[in-house]
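Structural description and commentary
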Amino acid sequence: MEPLLVVLSGLPMTLLITVAAFAIGAVLGIPMALGLRTGIAPVRWIVRLAVDLLRGIPMIVWLFLLKFGLSTPTFRITALEAAIFGLGLISAGYLADIYRGGLQAVPKGQYEAAAALGIPGVVSFFGVIVPQAARIVSPSIATYAIGLLKNSSIASTIAVAEMVFMAQGYAKQNINSVAGVMPYAIAGLLYILLSIPIAMLSRKLDANLRKAVI
Amino acid sequence: MVPKEPLLQFWGEGLPNMLHGLQISAALAGVSMIIGLPLGLLFCMMVMGRNRVVSTIGLVIVEIGRGMPALIILYLVYFGLPSFGILLESFPSAIIALAWNYSCYCSEIFRAGIQAVPGGQNEAGDALGLDDRITFFYVILPQAFRSIIPALLGQTILLFQDTSLAYTVAVPELMKEAYTYGSTTFQYLRVFVLAGLCYAVVTLPASWITRWLERRLALSY
């Protein structure tokens, strides 16, 4: 019982990091996705490089860079801020690529049809293209959200008190016994349990989006 | 404040140790891949097989391996196995954890790729009187590899990045070397930027090749 309660006490922090980072990524990913598709080549290259760096450098390096690298005597960044901001930026990189793929998958004829109907560019983008793209990418976004939930465990390496960190604290007091393993097993199962509602929500959302089109 | 030495000189002094760490990271990823790929194919065949019991066991292995964070799997192997009398050093622990995690993702990639091959191919193999095994290995699998290869490359890039988690169980890989250099010089920003660049030198070209390959393989259909 005790290890379960200890691990559960880290659950709010795990959820906070995941939700906050996802929110940052979902919003910041939009201008980055547009940057990946812009006709201005230098802008496109710079955004592409930024996305590739965000995705290509391990999360733990980003978190350490923010946590230990950005602190000066006058400016301190807390571990939680570093975790949310770091995971948020990385999410923006991944989501920008997912958005870009979705926009690209909408048939070209849709853009042309909107133009032929005299629908202004902004209206056609948000009213015609984005709804279709959203339907295409919603499963990928759900997969990414589940991945993000699991990756939030890496915040434990910079001492954010989420589930794995709490598990670690308990395990270290009971080393070399079964009680030293239990918290990790419990935390692992909790991650699996937590990802089930996200998957179900996404399937429902996906079904609704499909209905809206037909 | 202490005057800082020039950036490139600072990086130059730390680079030999970091490159040594990078070799360990690459070795971790390489060995995990060599173990994980065949294991992934095995899991995939278990899950897709006709035997209910075997496929359920396969599904449980794969879903646990994919559902838990890699960090948890690593802790379970490194801190957990000793409680059952199995003592492992940090390097083999990291290999076991990474290989299992990687093989489960690979298993799903194999499955998706195989299911993407039209069912008519299987029937055609049957109609030609080919043995099931021959049909699978010589007809289905080669076609499936078209969509499998880019996805596997992407997963392998993630595996290489996940080797940085081995830092937490004191494997002297790149991240560990970076942290050591950082804690002796207290110039964390410069050190971790260098560490990030070391990872990026490997992952950026690899992801460019993956994207190029993805486009090439999609074209040939």
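For chain B, the name recorded in an unreviewed UniProt entry is Amino acid ABC transporter permease, with Bifidobacterium primatium as its organism. One UniProt comment on chain B, placed under Subcellular location (unreviewed entry), says "Cell membrane". Its UniProt record, at the heading Sequence similarities (unreviewed entry), says of chain B: "Belongs to the binding-protein-dependent transport system permease family."

Within an unreviewed UniProt entry, the label attached to chain A reads Amino acid ABC transporter permease, and the organism entered is Bifidobacterium primatium. Its UniProt record gives chain A a comment under Subcellular location (unreviewed entry), which states: "Cell membrane".

Overview of the interface of chain B and chain A
Listed per partner, the contact involves 35 residues of chain B and 34 residues of chain A. Between chain B and chain A the total buried area reaches about 2,900 Å² when both faces are included, carbon and sulfur atoms providing 75% of it. Inspection of the region where chain B meets chain A yields 1 salt bridge. Between B:Arg211 and A:Asp52 there is a salt bridge whose closest N-O contact spans 2.9 Å. Secondary structure elements with two or more residues in the side of chain B that touches chain A: helix H2 (52–67), helix H3 (70–80), helix H6 (132–162), helix H7 (174–185) and helix H8 (188–219) of chain B. Taken together, the residues that form the side of chain B that touches chain A break down as 23 nonpolar, 9 polar and 3 charged.

Focus: the UniProt feature "transmembrane region" (unreviewed entry) in chain A
All names here are of chain A. Summarizing the sequence annotation, UniProt attributes the feature "transmembrane region" (unreviewed entry) to residues 45–65, 77–95, 115–134, 141–161 and 181–201 in the numbering used throughout. Secondary structure content for residues 115–134 is 80% helix and 0% strand, while the C-alpha to C-alpha distance between its ends is 20 Å. For residues 181–201, the end-to-end C-alpha separation is 32 Å, with 95% helix and 0% strand making up the annotated structure.

Some words on the environment of B:Val77
Residue and element names in this part refer to chain B. If you trace the backbone, Val77 turns up in helix H3. Taking relative accessible area as the criterion, Val77 reaches 9% and is therefore assigned buried. It is 9.6 Å that separates the C-alpha atoms of Val77 and Leu87, two residues lying 10 residues apart in sequence. With residues up to four places along the chain from it excluded, the contact list for Val77 reads Pro82, Leu88, Ser93, Ile96 and Ala97.

Quick look at the UniProt feature "transmembrane region" (unreviewed entry) in chain B
Residues and elements named next belong to chain B. According to UniProt, the "transmembrane region" (unreviewed entry) feature falls on residues 20–44, 56–78, 84–102 and 188–209. The distance from the first to the last C-alpha atom of residues 56–78 is 27 Å, and the span holds 91% helix and 0% strand. Between the end C-alpha atoms of residues 84–102 there is a gap of 24 Å, over a span that is 68% helix and 0% strand.

Some points on the pattern of salt bridges
This model, assessed by the stated rule, comprises 8 salt bridges over all chains. For A:Arg55, the salt bridge is made with A:Asp97, and the minimal N-O distance between the two is 2.6 Å. Within this pair, whereas A:Arg55 is found in helix H3 (residues 41–56), its partner A:Asp97 is found in helix H5 (residues 79–105), the two being separated by 42 residues in sequence. The partly exposed category is assigned to A:Arg55, whose relative accessible area is 27%. The exposure class assigned to A:Asp97 is buried, which follows from its relative accessible area of 10%. Close ionic contact of A:Arg100 with A:Asp97 constitutes a salt bridge, the shortest N to O distance being 3.2 Å. Pair noted here: A:Arg100 and A:Asp97 are both in helix H5, with a separation of 3 residues, about one helical turn. Per residue, the accessibility class of A:Arg100 equals that of A:Asp97, and both read buried. What emerges from the salt-bridge pattern is a single network uniting A:Arg48, A:Asp52, A:Arg55, A:Asp97, A:Arg100 and B:Arg211.

Conventions we followed
- Residues numbered from 1 in each chain as written.
- Chains lettered and ligands numbered in written order.
- Predicted model: local features only at pLDDT ≥ 70, side-chain atom pairs only at ≥ 80, totals over all residues.
- Heavy atoms only, no water.
- UniProt positions renumbered as here; feature names shortened; annotations may be inferred.
- Contact = heavy atoms within 4.5 Å.
- Buried area = accessible area lost by both parts, 1.4 Å probe.
- Salt bridge = Lys/Arg side-chain N within 4 Å of Asp/Glu carboxyl O.
- Helix = DSSP H or I, 4+ residues; strand = E, 2+ residues; numbered from the N terminus.
- Nonpolar A, V, L, I, M, F, W, Y, C, P; charged D, E, K, R; others polar.
- Buried < 20%, exposed > 50% of the residue type's maximum accessible area, 1.4 Å probe, protein only.

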